[in-house]
Structures are given as C-alpha cells and as structure tokens.
Amino acid sequence: MAKKPVKYYVVDAFTDSAFKGNPAAVCFLEDDQRDEKWLQLVAAEFNISTTCYLTQLTQSDSSNPQFRLRWFSTIAELKLCGHATLAAAYILFTSSLMDSSIVEFVTVSGIVSARKIPEIKANDGSNLQIGESIERFLIELDFPTTSMTDFNSTELSTISNALNGASVMDIKWETTKDDLIVILPSGKAVVELQPQFDAISKCPGRGIIVSGAAPPGSGFDYYYRFFSPKFGINEDPVTGSANCALAPYWSKKLGKCDFVAYAASPRGGVLNIHLDEQNQRVLLQGKAVTVMEGSLLV
C-alpha cells in the first residue's frame, strides 16, 4: 500500500522578511513509521541547514498540545535546534491543527515549549477598514541553558588559524552540544570574519560559535555566528540554540539578563533573549515567515 504524501512547509525563522533569517523545512508525519534512513534522505533532499519532523501525540499528561519533534541537518540528527523549533511552532500557531497559545515539543533534549505572544499594532489605513487592526506575534521558545568550561589554550593557534588569524579574546567549551565558543574583540570582528571551513572541520568539537560585543548605538548587545562544516553546515544563518550558552556568558560580562542579539551571517537574524538564572532557562523570542509549502510524494 502506498504511503500518504507528507505535508511540508519551508519557513524563514528569526525574521519577519522572506529570504532572511534561517530557513527550516517542517514536515508533518501521521505516525513514527518512517525510518531513520528516510528522515535523513529527506533532509539531504531539502539541502538546507535543518529539516524537522512533527508527530502529534494524542496521549499526554500535559494540558497543552504535544508533538514529537526531531531535527536533522543534511548529514546527521541534531540534539537541539532553535530556528527549526520556532519554524515548527509558527506553522502550528498559524494552522488549524490546534487552538492553543502554547505547544510542547517532546525532543531528545527533553520537553521544549513554545508560546505565542500577540503583538497588536494599529493599521496604517491602507488596506483595512476603520477600527480594524493587524495581529502580529512573536514566538517565545523556552530552552535549557547549556554548561560551559574553560578550554585548553594549547589549541589557541589552531583555532585562530581556522578563523583566518582572528584575534581571540576568550575560548569556552560548550559541553552539552560539544561546541567551541570563541570571543572576538568586537562585533565588527565577527561581521568581518572570513572562516576557513576546511580548517574548522579539523578543530575539536561539533562546530565553532564566534561572538563579540555589539557596537555602541547598534541596538544590539552582542553579535554572533556559527560554523559547523562537520555537520554539513558551513555557516548556519541564525542559530537560536547557540544563545543557550551565549546568554549566560554575556550576562556575566554585561551584568544583565535581557539581550537583543544579532546573528551576523549574510542572511542576518534578530533574537530577543531573557536569561532566567534561577531556573537555568533561556527564553528566545523571534518571528517567522512561511515561504513554501507542498507534499513529499515518496
């Protein structure tokens, strides 16, 4: 018996403009019968940084709708992915699949929740009737913070060379996802960085997060970028989960818990971030835009 087509959407996350932010494919599975090989082949076929798979869970002790959520790069399954989670939540909040402002995702990293936050703005009078308004909304993701340790400085020259000789101010080891966090002298240095992807693939860990303090007057607190050629992602346009480590780091440096971060990739992206120190959680807020939808026929 032929399998039913699988509905999919492609969503640009952490942006309110198409072709900006970070694209993710969101695929709806009616059950968990698709095998690992199929999931990985589909992710490779989409050939964007992350493809995620949603399966609705009908038996749950939670009062909120729950979906199983898995994330795949073009070559491997991921432990955590912020932008694809936001993309999945955006599709659910704009569809008829549920009537709730909160959704919970059951993932390999535990339960991750997303909340719809209305943002009501008055109309500009061009397309709406008198008294009407446009509903816009942010999506807030509730992620765990990730632990960091100091990194062995004997690798400093290797890492600096991989970053094309960039001046390195600090290096941390993000132990949860096995990433290096490299602090550069400024946000300008982050923007101008020309990474050497072959050399990065030979560095320890899964990938390298680079970050620096934002320029005064920019409206941001810090800039960052993420490189992971080992996982088929030379540069991830906007990595939400990187802020699970960056928010605690910059909180200590800047003495604050609320941030606006700028993902300084060519596509760019903006994140509003709150660090809940007491509960060791990071709240990430962003917008999204659907740019494509269709069905997988195989």
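Just above sits the structure.
Quantities reported herein were computed from a predicted structural model and do not represent experimental measurements.

Visitor: Can you help me understand the overall build of the protein in this one?
Guide: When its secondary structure is counted, the protein shows 6 helices and 18 strands. For a compact globule of 298 residues, the expected C-alpha radius of gyration is about 19 Å, and the protein comes in at 19 Å, within 12% of that figure. Each principal axis of the C-alpha distribution contributes one length, and for the protein these read about 55 × 55 × 35 Å. Taking all 298 residues of the protein together, the buried fraction comes to 51%. Residue pairs in contact within the protein that sit at least 24 positions apart in sequence constitute 63% of those at least 6 positions apart. Surface summary for the protein: the accessible area is close to 14200 Å², and the carbon and sulfur share equals 49%. For the protein, the distance from the average position of its 26 positive side-chain charges to the average position of its 33 negative side-chain charges is 3 Å.

Visitor: Could you clarify how one ought to interpret the pattern of salt bridges in this entry?
Guide: With the rule as written, the count across this model stands at 14 salt bridges. One salt bridge in this structure joins Asp221 and Lys256, with 2.7 Å as the shortest N-O distance. Remark: Lys256 occurs in the loop between α6 (243-254) and β15 (258-263) and Asp221 occurs in the loop between β12 (207-213) and β13 (222-228); sequence separation between them is 35 residues. Judged by relative accessible area, Asp221 falls into the buried class, the value being 17%. Between Arg225 and Glu235 there is a salt bridge; the shortest N-O distance is 2.8 Å. Separated by 10 residues along the polypeptide, Arg225 in strand β13 and Glu235 in strand β14 (residues 233-236) bring together distant segments of the chain. For the pair Arg225 and Glu235, one class covers both residues: buried. One continuous salt-bridge network, built from bridges that share partners, spans Glu36, Arg70 and Glu77.

Visitor: Hey, could you run me through unusual backbone geometry in this one?
Guide: With the exception of glycine, the majority of residues adopt a negative phi angle, and the majority of peptide bonds are in the trans configuration. Of note, the phi angle at Phe14 is positive, near 60°, even though the residue is not glycine. With respect to the element layout, Phe14 can be found in the loop between β1 (6-13) and β2 (22-29). With a relative accessible area of 2%, Phe14 lands in the buried category. With phi around 60°, Asn164 is a residue other than glycine that occupies positive phi space. As for its placement among the helices and strands, Asn164 is situated in the loop between α3 (156-162) and β10 (170-174).

Here is what the cut-offs are and how they apply
- Residues numbered from 1 in each chain as written.
- Predicted model: local features only at pLDDT ≥ 70, side-chain atom pairs only at ≥ 80, totals over all residues.
- Heavy atoms only, no water.
- Helix = DSSP H or I, 4+ residues; strand = E, 2+ residues; numbered from the N terminus.
- Rg over C-alpha atoms; globule rule 2.2 N^0.38 Å.
- Buried < 20%, exposed > 50% of the residue type's maximum accessible area, 1.4 Å probe, protein only.
- Contact = heavy atoms within 4.5 Å.
- Areas by Shrake-Rupley, 256 points an atom, 1.4 Å probe, with all protein chains shown as cover.
- Lys, Arg positive; Asp, Glu negative; His and termini not counted.
- Charge placed at Lys NZ, Arg CZ, Asp CG, Glu CD.
- Salt bridge = Lys/Arg side-chain N within 4 Å of Asp/Glu carboxyl O.

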